[in-house]
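So you can see what is in the structure, the chains are spelled out below.
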Amino acid sequence: MKRTIMLWACLPFLLGLPMVAEAQESEERQWQDESVYYIVVDRFMNGDMNNNEGVDLEDSNAYHGGDLSGIVDQLDYIKELGFTTIQLSPIMQNDGDSYHGFHVSDFRNVEEHFGTMEEARQVVEEAHARDIKVIFDLPIGFVSENHPWAENDAKSEWLTGEEVSSEHPWFNQLLQVDVNQEGVGTYLQETMDFWKEKTGVDGFRIITNGSDLSETTLQNYPLIMYTSSIKEDHTFRTVTREAFNQAGNSLNDLLTEEDLTQPHQLDFYDVSRFTHEAVVEGQNPITRWQLALTYVFTAPGVPVVYYGTETPLDDGGDPQNLPMMNFKAGDEKQKKRIEKLTSMREQFPALTRGDYRELYNEDGLAVFKRTYEDNEMIIAINNAEETRTMTLEGLEDDHQLRGLLHDGLVRQQNDGSYRLGMERETADVFIVEPNSGYNWLFIGFVGGVLSLFVIAVTAISLKNRKENKG
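Structural notes, computed from the coordinates.

About the criteria used
Residues numbered from 1 in each chain as written. Predicted model: local features only at pLDDT ≥ 70, side-chain atom pairs only at ≥ 80, totals over all residues. Heavy atoms only, no water. Helix = DSSP H or I, 4+ residues; strand = E, 2+ residues; numbered from the N terminus. Contact = heavy atoms within 4.5 Å. Axes fitted to C-alpha atoms, helices over the stretch in contact; angles between N-to-C directions. Parallel < 35°, antiparallel > 145°, perpendicular 65-115°, else oblique. Nonpolar A, V, L, I, M, F, W, Y, C, P; charged D, E, K, R; others polar. Buried < 20%, exposed > 50% of the residue type's maximum accessible area, 1.4 Å probe, protein only. Phe/Tyr/Trp six-rings, centres within 6.5 Å; stacked < 30°, edge-to-face > 60°. Lys NZ or Arg CZ within 6 Å of the ring centre and 35° of its normal. Pairing = 2+ DSSP bridges. Core = buried A, V, L, I, M, F, W, Y, C linked by side-chain atoms within 4.5 Å.

**Notes on the environment of Asp363**
- Mapped onto the fold, Asp363 is located in the loop between strand 13 (355-362) and strand 14 (365-372).
- Sequence-wise, Asp363 and Glu386 are 23 residues apart; in three dimensions their C-alpha atoms are separated by 9.7 Å.
- Apart from residues no more than four positions distant in its own chain, Asp363 is found in contact with Ala384 and Arg388.

**What to know about the packing of helix 8 (residues 285-298) against helix 9 (residues 332-347)**
- Their axes nearest at 10 Å, the elements helix 8 and helix 9 cross at an angle of 10 degrees. Our classification of the angle between helix 8 and helix 9 gives roughly parallel. Packed against helix 8, whose contacting residues are Ile286, Trp289, Gln290, Leu293, Thr294 and Phe297, the element helix 9 presents Lys333, Gln334, Arg337, Ile338, Leu341, Thr342 and Arg345 at the interface.
- Here the contact of helix 8 with helix 9 is built from residues that sort into six nonpolar, four polar and three charged.

**Focus: helix 6 (residues 235-244)**
- Within helix 6, seven of the 10 residues are buried, which leaves it mostly tucked inside the rest of the structure.
- Every buried residue belonging to helix 6 is among Phe236, Arg237, Val239, Thr240, Arg241, Ala243 and Phe244, and all of these are buried.

**Quick look at the environment of Gly65**
- Tracing the sequence through the fold places Gly65 in the loop between strand 1 (36-39) and helix 2 (68-73).
- Look at Gly65 and you get buried, because its relative accessible area is 4%.
- Considered as a pair, Gly65 and Phe114 are 49 residues apart in the sequence and their alpha carbons are 7.9 Å apart.
- In contact with Gly65, other than residues within four places in its own chain, are Asp42, Met45, Asn46, Asn52 and Val55.

**As for unusual backbone geometry**
- Note that the residue after Thr311, namely Pro312, is joined by a cis bond; omega there is -20 degrees.
- Within the secondary structure, Pro312 is located in the loop between strand 12 (302-306) and helix 9.
- Of note, Asp131 is a non-glycine position whose phi angle comes to about 60 degrees, a positive value.
- Within the secondary structure, Asp131 sits in the loop between helix 4 (117-129) and strand 5 (133-139).
- The phi dihedral of Asp407 falls on the positive side, at around 60 degrees, and the residue is not glycine.
- Take Asp407: its relative accessible area is 60%, and that puts it in the exposed class.

**Describing the packing of aromatic side chains**
- By the definition in use, this model includes 32 aromatic pairs.
- Each ring, one from Tyr38 and one from Tyr306, has its centre 5.9 Å from the other, and the planes form 40 degrees; the classification is tilted. Taken as a pair, Tyr38 in strand 1 and Tyr306 in strand 12 lie far apart in primary sequence, 268 residues in all. For the pair shown, Tyr38 and Tyr306 are each scored as buried.
- Ring plane angle 80 degrees and centroid distance 5.0 Å describe the contact between Trp149 and Trp158, whose orientation is recorded as edge-to-face. Take Trp149 and Trp158: they sit in the same class, and that class is buried.
- Feature note: the residues Tyr38, Tyr99, Phe102, Phe142, Trp170, Phe171, Phe268, Tyr269, Tyr306 and Tyr307 constitute an aromatic cluster, connected by ring pairs.
- Lying across the ring of Tyr99, Arg43 places its NZ or CZ 3.8 Å from the centre.

**Some words on the pairing of strand 15 (residues 375-382)**
- Along strand 15, eight of the eight residues are buried, which leaves the element largely enclosed by surrounding structure.
- By the alternation rule, side chains of strand 15 split into Asn375, Met377, Ile379 and Ile381 and Glu376, Ile378, Ala380 and Asn382, which are all buried.
- Inspection of the sheet shows strand 14 paired to strand 15 by eight bridges, in the antiparallel sense. The residue bridging Phe368 from the neighbouring strand is Ile379, located in strand 15.
- Hairpin connection from strand 14 to strand 15: two residues lie between these consecutive antiparallel strands, with Glu373 at a positive phi of about 50 degrees.
- Both strand 15 and strand 20 (residues 426-434) contribute to a ladder of six bridges, which runs antiparallel. Each bridged residue has a counterpart across the sheet, and for Ile381 the counterpart in strand 20 is Ala427.

**Some thoughts on the packing of helix 4 against helix 5 (residues 182-199)**
- Between helix 4 and helix 5, the least distance of the axes is 8 Å, while the angle of their chain directions is 75 degrees. Classified by the interaxial angle, the pair formed by helix 4 and helix 5 is roughly perpendicular. Only Phe194, Trp195, Glu197, Lys198 and Thr199 of helix 5 make contact with helix 4, whose side of the interface consists of Met117, Ala120, Arg121 and Val124.
- For the contact of helix 4 with helix 5, the residue count by class is five nonpolar, one polar and three charged.

**Here's the deal with the sheet that holds strand 11 (residues 263-264)**
- Strands sit in the order 10-9-5-2-1-12-11 across an open sheet of seven strands; the sheet is parallel. The sheet terminates laterally at strand 10 (224-229) and strand 11, the two strands that pair on one side only.
- In this structure, strand 1 lies alongside strand 12, joined through three bridges in parallel fashion. Bridging from a neighbouring strand, Tyr38 pairs with Tyr306 of strand 12.
- Along the sheet, helix 5 contacts strand 5, strand 9 (203-208) and strand 10; its crossing angle with strand 5, the most-contacted strand, is approximately 145 degrees.

**Brief notes about the nonpolar core**
- Of all hydrophobic cores here, the largest spans 108 residues; its most connected members are Tyr37, Ile71, Ile86, Leu88 and Phe244.
- Residues in contact with Phe244, not counting those within four places in the same chain, are Leu251, Leu254, Phe274, Arg288, Leu291, Ala292, Tyr295, Ile381 and Asn383.
- Counting 14 residues, the second largest nonpolar core, distinct from the first, contains Val367, Ala380, Leu395 and Met422.

What follows is the structure, encoded as structure tokens:
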């Protein structure tokens, strides 16, 4: 009887074997292969109570206690979500209550509210132990009014003499830096070398005030590197948010970058949370997020997910209202969708390196294809309030589309086409593969196991009856 029970216990695992996707052969990783989790250090996790001077949880403009030690404590949490890179808001020494990190007063020191240089190194080491990369924000385009450059005659020429003019209170009236000064470029490279030597960090986001860095400044720099400006229009983000903030919106205006290395995020510190925008429109924010995230993770570019998206956080419409992360809260559907999307980017290089081609975009249903070598994926997103169908033509004969988000299966029709039907407000990512048909060998094996189980149970039952009669 024990043997029979063991066989029965193993059956679910045997049943699951055919569903395991074959792993792609590993290639040398590139920046576009990453999935990024962006952390505002002060609002993530308070891991060390000894650096809480000035912390006031009731004041949205004060430090709330998040630190580098807290990030180390939650690396397993980030790993479970499937992210391969974390990006930290500026950890450099800051003035006043600049919990966000953008009022830098010393580019080569750690803000004491966040911890020490040794703790910064520990974040990188512990992340690397989990195969997670680390990127630091480096805001070189502006400095605090108390930065030593403002009082150093030799360095004062690095400043433009003007203050930043911004609608965002974090940046308004900071001193502008002329990033194209030769001395600034040299200082920037030396500063990045400093952080690499001290912490082992994998790369940087260089933040400017609108001026483009000289092409020679970062040419051939060996780390992950990308630049952004506090004055960017963020057109991709704007269009994507507007398309997915409510059901029924057209997807015709969705933008697609040719640059596979371009980072994309829906939420950031200069816009209100997408969660709140969906609520204002009277929508279910989880449904809205699932469609929007599916697009961001499968369209060309690098997905950057703002901390708390997985719960998802609501800022009440105020971008400066950055709540502390609540690890006990959260929506399981939202987390599972993120886990599936990060996993797919790891398994299928078509989603990170593939060509993009739109196949269909009408009445709220968008269908596009990503292709890389022999890996082909079809992504379908139905933002309509009704079920939508379309016919795919031009795919290889005797193939099938296997859904990775909803386990759907689309097989070829008699006329050679593939008819794709999507329920309202749903999205799926299909892998194009040879038609497996019915696995009669496997079905026969399972049937045999079940038959043996029934025979064994019957035999034992008869034996017990005879013993009881005796």
